Amino acid sequence: MNYQVFFIIAMAVLSAGLFLAVLSALVRGRKVRVITPFHLFFGGVFLSVLIALMPVYYDITVREGNSPLRVFFFALFSTIQIFAIDGNRELVTDGIPCQEGWIPGAYSVYLSVIYVVAPILTFVFLLSFFRNATAFLRYVNRYFHDVYIFSELSEKTVALGTDIRRKNKKAMIVFTGLHVDDDEEQTKFLEDAKDIRAICFKKDISAINFRRHSKKSGICFFSMDDDESTNIKQALFIISAYKNMENIRLYVFATGVESELLLAHTDTGNMKVRRVNGVRSLVNQNLYTEGSVIFDTAGESDENGIRNIGAVIIGLGQHGTEMLKALSWYCQMDGYRVTIDAFDMDAMAEDRFYAMVPELMSEQYNGVFLPGEAEYTIHIHTCYDVYGRAFSEEIAKLRNATYVFIALDSDETNIRTAVNLRMLFERMKIHPVIQAVVANTDEKKALEGVTNFSGQPYDIEFIGDRESSYSADVVISSELEKEALARHLKWGKEEDFWRYEYNYQSSVASAIHMKARIHCHIPGAEKDETELTEEERRGIERLEHRRWNAYMRSEGYIFSGSHDKSTRNDLAKMHHDLVEYDRMDEEEQRKDSRVGTR
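No experiment lies behind these values; they were computed from the predicted model shown.

1. Points about the overall build of the protein
Counting secondary structure elements, the protein contains 24 helices and 14 strands. Taking all 598 residues of the protein together, the buried fraction comes to 49%. The contacts in the protein between residues at least 6 apart in sequence include a share of 72% that link residues at least 24 apart. Summed over its atoms, the accessible surface of the protein is roughly 28,800 Å², and 55% of this surface lies on carbon and sulfur atoms.

2. Things to note about the pattern of salt bridges
Overall, the coordinates contain 35 salt bridges when judged by the stated rule. The partner of Arg274 in a salt bridge is Glu481, and the shortest N-O contact between them spans 2.7 Å. Here Arg274, found in strand 6 (residues 272-276), pairs with Glu481, found in helix 20 (residues 479-488); they are 207 residues apart in sequence, far enough to count as distant. The pair formed by Arg274 and Glu481 is uniform in burial state, with each residue classed as buried. When salt bridges with common partners are traced through the structure, they connect Asp163, Arg166, Lys167 and Asp473 into a single cluster.

3. Looking at empty space enclosed by the protein
Enumeration according to the criterion identifies two cavities of 30 Å³ or more in this entry. Each pocket or cavity is described by its volume, and for the largest cavity that value is around 130 Å³. Lining the largest cavity we find 15 residues, and of these Arg274, Ser281, Asn284, Tyr504 and Val508 sit closest to its centre. Those elements that place two or more of their residues in the lining of the largest cavity are strand 6, helix 10 (278-290), helix 20 and helix 22 (501-519). Taken together, the residues that form the lining of the largest cavity break down as five nonpolar, six polar and four charged. What the second largest cavity holds in volume is close to 100 Å³. Lining the second largest cavity are 14 residues, and of these Arg280, Asn284, Glu322, Ala326 and Trp329 lie nearest its centre. Where the lining of the second largest cavity is concerned, the elements lending two or more residues are helix 10, helix 12 (318-330), helix 22 and helix 23 (534-554). A class-by-class count of the residues in the lining of the second largest cavity yields seven nonpolar, three polar and four charged.

What counts, and where the lines are drawn
Residues numbered from 1 in each chain as written. Predicted model: local features only at pLDDT ≥ 70, side-chain atom pairs only at ≥ 80, totals over all residues. Heavy atoms only, no water. Helix = DSSP H or I, 4+ residues; strand = E, 2+ residues; numbered from the N terminus. Buried < 20%, exposed > 50% of the residue type's maximum accessible area, 1.4 Å probe, protein only. Contact = heavy atoms within 4.5 Å. Areas by Shrake-Rupley, 256 points an atom, 1.4 Å probe, with all protein chains shown as cover. Salt bridge = Lys/Arg side-chain N within 4 Å of Asp/Glu carboxyl O. 1 Å grid on protein atoms, 1.4 Å probe; cavity = no way out; pocket = protein on both sides within 12 Å on 5 of 7 lines; lining within 4 Å. Points joined across faces, edges and corners; volume = space filled by probe spheres on them. Nonpolar A, V, L, I, M, F, W, Y, C, P; charged D, E, K, R; others polar.

Everything listed here is a matter of geometry and, on its own, says nothing about what the molecule does.
Okay, structure coming up:
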C-alpha cells in the first residue's frame, strides 16, 4: 500500500483539526455551540493516527487475506490502544516495510510524538468529561432546591450569583460555558464560584438538560453574555426547550430593539421572560432610591413659590441619554421647575437626540410653560471637551446647578471629571449633588468618603458599580418592579406587563414618580383615589398628566394631530392625548387620578 499517500492525508487531517480548533477559539462566544476547540483538535489527532496506521495494518495482515473493513478495525483498535497508553509501538514500527526515502523516518518521528501526546489528550478529555459529569450529579442531587443558571462565568454573573447565595443559603448557583484556561481573570472568577459552592459546567447553557428538577422549585435562567446576539439566541433556545415547564423565569440582558421585538412576539408558554436593559435599569433604580435628593437640593423658592432644579449631564452616551430623558418627566412636580444642561463632545449629539425625541425638544414645548403641560428647559451643548477651557467657561455660567450626572467613556474619565467639576463649583461657591458612574466595585468602595490632603470631602457619589447593579434586589426581587406591576394591574393584565416593554417601562416610570410625589408631600399622593377631595383630585390629575406628557415625549411620541382616539398610531408613535390637561375630556382626566394615586 502507498505509505506516502496515507501519510500525507494523515498530516492534512491533523492540520485541518488544528486549524478548525484555532478558528473556533477565535470566534468563541459569537454563537451557541456544543463542540469546543479541544474537541476539534482531539478529533483531528485521532483521525490522523487512524489514517496513518491503515497501510501499516494492511501489510501486517496481508498473509491473512485482509479486507478493507478488517484493516480498518485493526487500525482503529490500535489507535484506541495508543490513546489509552496501551499501544505497541514496536509492533507498528516493525510492521513498516523497508522503503526508500523519507517514509520510515517520518513515521518514526510521528509515532514517537503521538505515543507521548495521545495519552495526555485522553487525560484532558476524560478530565473534561468527568468535570461535567460531576457537576451534573451535584445538580441532580439538589433536586428540590431553587436553581439559578447563568450563561457564562464573568464579573457580572459572579456578582449576581454571590448576592443570590447571600440571601438564599439553599439556592443552587450554576455557571455554564466555562473557559477555565483562558486567563488569570477567568481563574479568579472560578475561585469566586467555588467560594459560593457553585456548580460549573464547561458546556454551553443550551447544551445541558436542566429538566431533571422538582416542579415545585423555581428555575431562573440568566442570559448575560456581553454579545447581545448570543443572548438572544440562547433566550430563544431556552424558551423553546422549557416553556411548558412550571416555575421558570428567564432574564435576558439586552438593550437593542431586536431583542424587544423578538421576545415580545415569541410564544413563551408558562415561562416568565424579562428583558433587562442594564442602562435603563441603572437610571431607574438611581431615581427610585436616590432621586429625592434632586428635590431636596433644589434652589430657594422664587417670588412665585417655585424651586428651580439645575440639572447638568456630562456625556450623552447611553447612560447620559437615558438620564436626560428621565429627568424631563421625573422633575415634573408641583412647586418645582427643571432646567437641564447636557454636554457632549460629539457635534451631532443634539441632532441625534432631537431626532429621537422630536416633540420633547420642539420649540412648542421646550422652555415654554403652558397651564396643564410639562414644564422643563433643555439645552444641549456640543463639541465640548471636558478637559478644555471652553467647557470650564460654560460650566461657570451654570450658577444655579443643583444636580450633576457624569457618564463618559470610562471610570477613570468619570472620576477625573467629577473631581474637576467639584473644584469648579467650589470656586463658584455652590455645592450641587454630583453622581458619577463607576462600574468597578473595588474602585467605588475605595472612593467612598474620599477627601483631599486637607481633609475636605469631595462629596461625590459613585453609582453603577457591578456589585450594586447586579444584585438580587435589583435584578430578581426589585421593589421598584413590584410597585410597577401593582400600578400596571390597575388597568392591565400581568402577562402584558412582562411581555411588552411599553407597558413595563411606563409602569416603572409611574412607580418612580409616585414615590417622589409622596416625598414632596403632594396633597393626596398617599391616598386611595376614593379618598381624594375634589381639590386633591384635580391637583393629582394635572400633575400626572404633566408627567405623562413628558414621559411619552421622552419615548419619542408626538401628538397625533387630533383628540380623536382613532388617530392613535403606536407604530408611528402618535398619541391623541398629548395635549394640555384642560383639553382632555372628563373620562381621560379621571384616568389620571386613578393612575396617579395609591
